[in-house]
Amino acid sequence: MSEILIAGKNISVNEEGYLTDMTQWNESIANEIATELNIELGPKHMEVIAYLRDQCEKGGTLNIRRIGKSGIVDIKSFYKLFPGGPLKNASKIAGIPKPASCI
Amino acid sequence: MKQLLILGGGTAGTMMLNKLRKKLDKKEWDITIVDKDPNHYYQPGFLFVPFGIYSKEEIVKPKEKFFPRGIRAVWDEVEKIDAEEQVVQLKQGEALSYDLLLIATGCAPDPAETPGLKGELWQKDIFSFYDYEGACLLADKLKDWEGGKLVINIADMPIKCPPAPLEFAFLAEAFFTGKKMRDKVDITFVTPMSGAFTKPVASRMLEGLLKERNIKVVPDFYIEKVDNANKQIVAYDDQVVDFDLLVAIPVNKGAGMVGESGLDEQDDLNYAITDKETLQSKQYANIFIIGDATNLPASKAGAVAHFEGEVLTENILDFIAGRPLSQRFDGHSNCFIETGYGKASVIDFNYAVQPLPGKFPIPGVGPLSLLGISRINHWGKLAFKWAYWNMLLRGLPFPISTKMSMAGKKTEAELADKA
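The structure displayed is predicted, hence computed values, not measured ones.

Criteria and thresholds
Residues numbered from 1 in each chain as written. Chains lettered and ligands numbered in written order. Predicted model: local features only at pLDDT ≥ 70, side-chain atom pairs only at ≥ 80, totals over all residues. Domains from an automatic or database assignment. Contact = placed C-beta atoms within 7 Å. Nonpolar A, V, L, I, M, F, W, Y, C, P; charged D, E, K, R; others polar. Helix = DSSP H or I, 4+ residues; strand = E, 2+ residues; numbered from the N terminus. Buried ≥ 20, exposed ≤ 12 C-beta atoms within 10 Å, placed from the backbone. Pairing = 2+ DSSP bridges.

J.: Hey, could you run me through the domain arrangement of chain B in this one?
T.: How big an interface is tends to be expressed through the accessible area that disappears when the partners come together. All names here are of chain B. Assigned domains within chain B: domain 1 (2-106 + 255-320), domain 2 (111-252) and domain 3 (333-418). For domain 1 and domain 2, the distance between their C-alpha centres works out to 30 Å. Contact residues are listed per partner, giving 12 residues for domain 1 and 18 residues for domain 2. When grouped by side-chain class, the residues that make up the side of domain 1 that touches domain 2 number 8 nonpolar, 2 polar and 2 charged.

Right, here's the structure in full:
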C-alpha cells in the first residue's frame, strides 16, 4: 500500500492502483484514473460508477452478470464503456476494491 | 414429533443426514430426505472419465446405500419452499411440513444460459464433462479424435470444483502426448478470470506449468455466444477463439426452486442467501444451507461441504436447544489438482488466506506438498475416492481439521522475502 498524488490529493492505493479507502474518492480522481486507462467519462459511465459504489457500500457481490441484470447497463454496453476488463477498470475508476472472484 | 427435512441427497445432504441421525433423539425427531435422482455420483471422478481412467461402477452407486436406518427417503423433485408456512411442496403432489429445514440442493451447469452452446454441434464437437453422460460422450469423442484446436472455456464464475477445467487441460495434454499426437493438438484455456487461477501464489505456479506444457491461456474472455457455423466462441467485447473441439464449462446455477422460493439474491443464479460463518439462512432462522447451494464466497466443492458439515452440526444442535449458534465456518477449502503424468498438486486455503506452499496435512512432514507437484499428491487424490465413499458420506471424522491451519505453510511475507 502506498500514497500517490491523484488530482492534487494524496490518495492511498494498493499495489495495483485501486483506492484502499473509498471515501477518499471524488469525480476528479475518477477522471484522472480514467484518463490513465484511456477512457473518457460520460454520464453513462458515471451512472455505472454510482451503482458500483452503492453496491460496494451495501456489501453486495459485484460481478459482470449482476451488473448486466442491474437495469443500469447491459453486458455488451458495459464492455463498450470500459474496454479491456470492464469490472476491473470500472472498479478502479469508482474507487472501490478490485472485485474478488470466488474460486 | 418434530420434523427435520433435508433437501438434496448429494455429498452435503447425505453427510448431514448421517451426522444428524446420530445426534438427534429418535423419539423426538423424524428426518426426511428428498432427492429427485436415486443415483449418487462421485463427482470428482467425472474429470477422469473422458480419459478412460474410471469406469461407471467406480463412480455411480445407489444413494440409499449411504443413508442410515431410521429415516425416510422421498424420491421426488422439490417444487417450492413456503418458508412462512414451513412447508415444502413436491412436484408429484406431496407437501412436507418441517420444523427445521436443511437445503443441500447443490448447483449444476446450465448450458442453456449461453446462446449457441446447445446448438447443432452440442455433443458432436462441443462437450461438458460436468455430468456423467457428458463425460462418457467426451470419452468416446477423444478415443478417435484426430486432433486440431482443443478449446477449454469457463463461461462464468463461480463454478463447481474450480480447478477441474485446469486439471482437464493438464490431463488432456498428457493424454495426447501418451497417444503420440501432441503435435496435432493445439490446447487453449479460455477464462473470464485475469489469469489461470484467481489466487496469486497458486496462479503463478499454475501459469508456469501451463507454459511449460505449451497450453495457451486466453484470460479476461467473457463468453457471449457460440457461433456454430464458424466454430468460434465469441466474447462480449467481440474477441473470438476458433475451436475444432470445445470443452465447455457452462454457467453454474443453484436449484431453480431456491430462486422461485425467494431465498436467493435475485440474480438468477439461485444461490441461497446464507450467513458465511454460521450457515444459517439470513432470512429464516429455522433454515440452514450447506454446500454448493449457498452464496458463500468459498469454493463450490465437496471438501468445503465437508468442513461446513462439522460447523453446521454443532450450530443445528445449538439452534434446537435454543442456544446461540456457537460455531463459525472460516471458508476452509482444500483440493487436489491433477497435473498429468501421474502427478498432482494440493492446495489448502480459507476466506482470508490464499493457497500457500508447505507440507500437509502434518506440518513440516506432509506427506503431501502444498503447491508442489508430486506422485504422492496424485495417489492422495486416487485414495480420496475410497475415503469419500466410506468415510465422508457416512459422516465419519476425517484426519483433517475443520479450521484451516497456518502450521507447515510458508507465509506470504516469507515468500516475498525469497523473491
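J.: Looking at this structure, how should I read unusual backbone geometry?
T.: With the exception of glycine, the majority of residues adopt a negative phi angle, and the majority of peptide bonds are in the trans configuration. Residue and element names in this part refer to chain B. In this structure, the amide linkage connecting Met-157 to the following residue, Pro-158, adopts the cis form with an omega of 0°. Tracing the sequence through the fold places Pro-158 in the loop between strand S12 (148-154) and helix H4 (164-178). Residue Pro-367 follows Gly-366 across a cis peptide bond; omega there is 15°. Within the element layout of this structure, Pro-367 appears in strand S24 (residues 366-370). Unlike most non-glycine residues, Cys-161 shows phi in positive territory, near 50°. Along the chain, Cys-161 falls in the loop between S12 and H4. Here the phi dihedral of Asn-270 falls at roughly 65°; this positive angle occurs in a residue that is not glycine.

J.: Looking at this structure, how should I read the pairing of strand S9 (residues 100-103) of chain B?
T.: Working note: regular strand, side chains alternate between the two faces of the sheet. Residues and elements named next belong to chain B. Residues Leu-100 and Leu-102 line one face of S9 and the alternating positions Leu-101 and Ile-103 line the opposite face, and both faces are buried. The pairing of strand S1 (residues 2-7) with S9 spans 4 bridges and is classified as parallel. Its bridge partner lying in S9, Leu-7 is registered against Ile-103. As judged from the 3 bridges shared by S9 and strand S20 (residues 287-289), these two strands associate in the parallel manner. Looking at the pairing, Ile-103 lines up with Ile-289 of S20.

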